[in-house]
Amino acid sequence: EAQVTQNPRYLITVTGKKLTVTCSQNMNHEYMSWYRQDPGLGLRQIYYSMNVEVTDKGDVPEGYKVSRKEKRNFPLILESPSPNQTSLYFCAIRRTGTYEQYFGPGTRLTVT
Amino acid sequence: AQSVTQPDIHITVSEGASLELRCNYSYGATPYLFWYVQSPGQGLQLLLKYFSGDTLVQGIKGFEAEFKRSQSSFNLRKPSVHWSDAAEYFCAVGALGKGTSGTYKYIFGTGTRLKVLA
C-alpha cells in the first residue's frame, strides 16, 4: 500500500519565520504534489513534480518553494510565512501511467 | 474552464438510510473522475474512480458512483449509510493541466460534509 508521510503534522509559527514541511514516500512513484485545503475552497494545488529535478507551479504557488533532489522526498518551503498561509497541507503521490493519487495525512499549519 | 461543483455543502441522513452525493463537472474531453473521503483529522482516501467502460463503478466501503455523460455528473451513492460514514467527501476530475510538461492534474470540488444521525 502506498505510504506518504508528512512532518510535522501540526505546526504553529510566527510571521516571517522560515519553515519546511517534509513529504516522503516509500513507493518510488515519480509524481508528487502539494495541495492546500481551505474551508469552502476544496483542495488547490501548490506545486507538483514529475520526477527528480522537475517541478512546476500549480494553481496557488505564491509564497511557496519546493525542491525534488531525491525521488522519495518533496519538501514544501515557506521562506517567509504569512497568516494567509494558515491552512491544511497535503502531499500526494502518483505512479506514472496511472491517474489516481494517494495522499499523506496532512499538516495543519497556523501562522500568527 | 474546467471545474467541479458539489452543490451540497452539508447533508444529514439517518443511519441505515440511502445516500446520494452530487457532483457535476465541466471539462471538454472525457474526464477521469474520482471520489475521495476525508474523515476528521485524516488524509484523503480514494473511494472509487472512473476512467472508461462501465458507467457504474464500485468502490470501497460499499460505495458506488455512476457516470452520466449527458448530465456531466458523477454522483456517489450508498444504499445504507453507517455512522462511520460521517466524513467529508470530495469529487475530483483529472484533466490535462497547464505547465511545460502538459501534465495531468486534479480539480477538486469544495466538498460535501456528511452527518449521520443515530
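Criteria and cut-off values
- Residues numbered from 1 in each chain as written.
- Chains lettered and ligands numbered in written order.
- Predicted model: local features only at pLDDT ≥ 70, side-chain atom pairs only at ≥ 80, totals over all residues.
- Heavy atoms only, no water.
- Helix = DSSP H or I, 4+ residues; strand = E, 2+ residues; numbered from the N terminus.
- Rg over C-alpha atoms; globule rule 2.2 N^0.38 Å.
- Buried < 20%, exposed > 50% of the residue type's maximum accessible area, 1.4 Å probe, protein only.
- Contact = heavy atoms within 4.5 Å.
- Areas by Shrake-Rupley, 256 points an atom, 1.4 Å probe, with all protein chains shown as cover.
- Lys, Arg positive; Asp, Glu negative; His and termini not counted.
- Charge placed at Lys NZ, Arg CZ, Asp CG, Glu CD.
- Salt bridge = Lys/Arg side-chain N within 4 Å of Asp/Glu carboxyl O.
- Disulfide = S-S within 2.5 Å.
- Polar contact = N/O pair within 3.5 Å; in protein donor to acceptor, adjacent residues only side chain to side chain.
- Nonpolar A, V, L, I, M, F, W, Y, C, P; charged D, E, K, R; others polar.
- 1 Å grid on protein atoms, 1.4 Å probe; cavity = no way out; pocket = protein on both sides within 12 Å on 5 of 7 lines; lining within 4 Å.
- Points joined across faces, edges and corners; volume = space filled by probe spheres on them.

Asks: Where do I start with the overall build of chain A in this structure?
Replies: Within chain A, the secondary structure is distributed over zero helices and eleven strands. When its helices and strands are written in sequence order, chain A yields β-β-β-β-β-β-β-β-β-β-β. Here the C-alpha radius of gyration of chain A, 13 Å, is about what a compact globule of 112 residues would show, namely 13 Å. The C-alpha extent of chain A, read off along each of the three principal axes, is 40 × 30 × 25 Å. The burial tally for chain A puts 51% of its 112 residues in the buried class. Here the contacts in chain A between residues at least 6 apart in sequence split such that 53% fall between residues at least 24 apart. With an accessible surface of roughly 5300 Å², chain A has 51% of that area assigned to carbon and sulfur atoms. Chain A carries 14 positive and 10 negative side-chain charges, and their two centres are separated by 5 Å.

Asks: Could you clarify how one ought to interpret the pattern of salt bridges in this entry?
Replies: A side chain of one charge can pair with a side chain of the opposite charge when the charged atoms of the two come close. All names here are of chain A. Per the stated rule, a full pass over the model turns up eleven salt bridges over all chains. Notably, a salt bridge pairs Glu-30 with Lys-71, separated by 3.7 Å at the nearest N-O pair. Of this pair, Glu-30 sits in the loop between β3 (19-25) and β4 (31-38) while Lys-71 is found in the loop between β7 (65-66) and β8 (76-78), placing the two residues 41 residues apart along the sequence. What makes Glu-30 buried here is its relative accessible area of 19%. By relative accessible area, which is 24% here, Lys-71 ends up partly exposed. Among the ionic contacts, a cluster of salt bridges with common partners joins Lys-18, Lys-65 and Glu-79.

Asks: Would you take a moment to explain the state of the cysteines for this structure?
Replies: Two cysteines whose sulfur atoms are joined by a covalent bond form what is called a disulfide. Residue and element names in this part refer to chain A. If you walk through the whole model with that rule in mind, you get two disulfides over all chains. Cys-23 shares a disulfide with Cys-91; S-S distance 1.9 Å. Taking the sign of the S-S torsion, about -70° here, the bridge from Cys-23 to Cys-91 comes out left-handed. Separated by 68 residues along the polypeptide, Cys-23 in strand β3 and Cys-91 in strand β9 (residues 87-94) bring together distant segments of the chain.

Asks: Mind showing me how you'd approach the interface of chain A and chain B here?
Replies: It is common to give the size of an interface as the accessible area lost on bringing the parts into contact. Each partner contributes to the interface: chain A provides 23 residues, whereas chain B provides 24 residues. The tally of links between chain A and chain B comes to one salt bridge. In this structure, A:Glu100 and B:Lys49 form a salt bridge, with 2.7 Å as the shortest nitrogen-oxygen distance. On inspection of chain A and its partner chain B, the count reaches five residue pairs in polar contact (both at pLDDT 80 or more). Secondary-structure elements contributing two or more residues to the side of chain A that touches chain B are β4, β5 (42-51) and β9 of chain A. A per-element tally of the side of chain A that touches chain B places β5(A) first, with five residues. Taken together, the residues of the side of chain A that touches chain B break down into eleven nonpolar, seven polar and five charged.

Asks: Please explain the environment of A:Pro105 as it appears in this structure.
Replies: Relative to the assigned elements, A:Pro105 resides in the loop between β10 (102-103) and β11 (107-111). Under the relative-accessibility criterion, A:Pro105 is labelled partly exposed at 25%. The residues contacting A:Pro105, other than those within four sequence positions of it, are A:Val4, A:Thr5, A:Gln6, A:Arg9, A:Phe90, B:Gln42 and B:Gly43.

Asks: When you look at the environment of B:Arg77 in this model, what are you seeing that I'm missing?
Replies: Residues and elements named next belong to chain B. The topology assignment puts Arg-77 in strand β9 (residues 73-78). Taking the C-alpha atoms as reference points, Arg-77 and Ala-65, twelve residues apart in sequence, are found 5.8 Å from one another. Beyond its immediate stretch of four places on either side in the chain, Arg-77 contacts Leu-19, Glu-20, Leu-56, Gly-62, Phe-63, Glu-64 and Glu-66. A distance of 3.2 Å separates the side chain of Arg-77 from the side chain of Glu-66, its partner in a polar contact.

Asks: Please clarify how the layout of surface pockets should be interpreted in this entry.
Replies: Rolling a probe over the atoms, with the probe sized like a water molecule, indicates the empty space that remains. As a volume, the largest pocket reaches approximately 510 Å³. Lining the largest pocket we find 26 residues, and of these A:Gln37, A:Arg108, B:Gln38, B:Glu88 and B:Arg113 sit closest to its centre. Counted by class, the lining of the largest pocket contains seven nonpolar, 14 polar and five charged residues.

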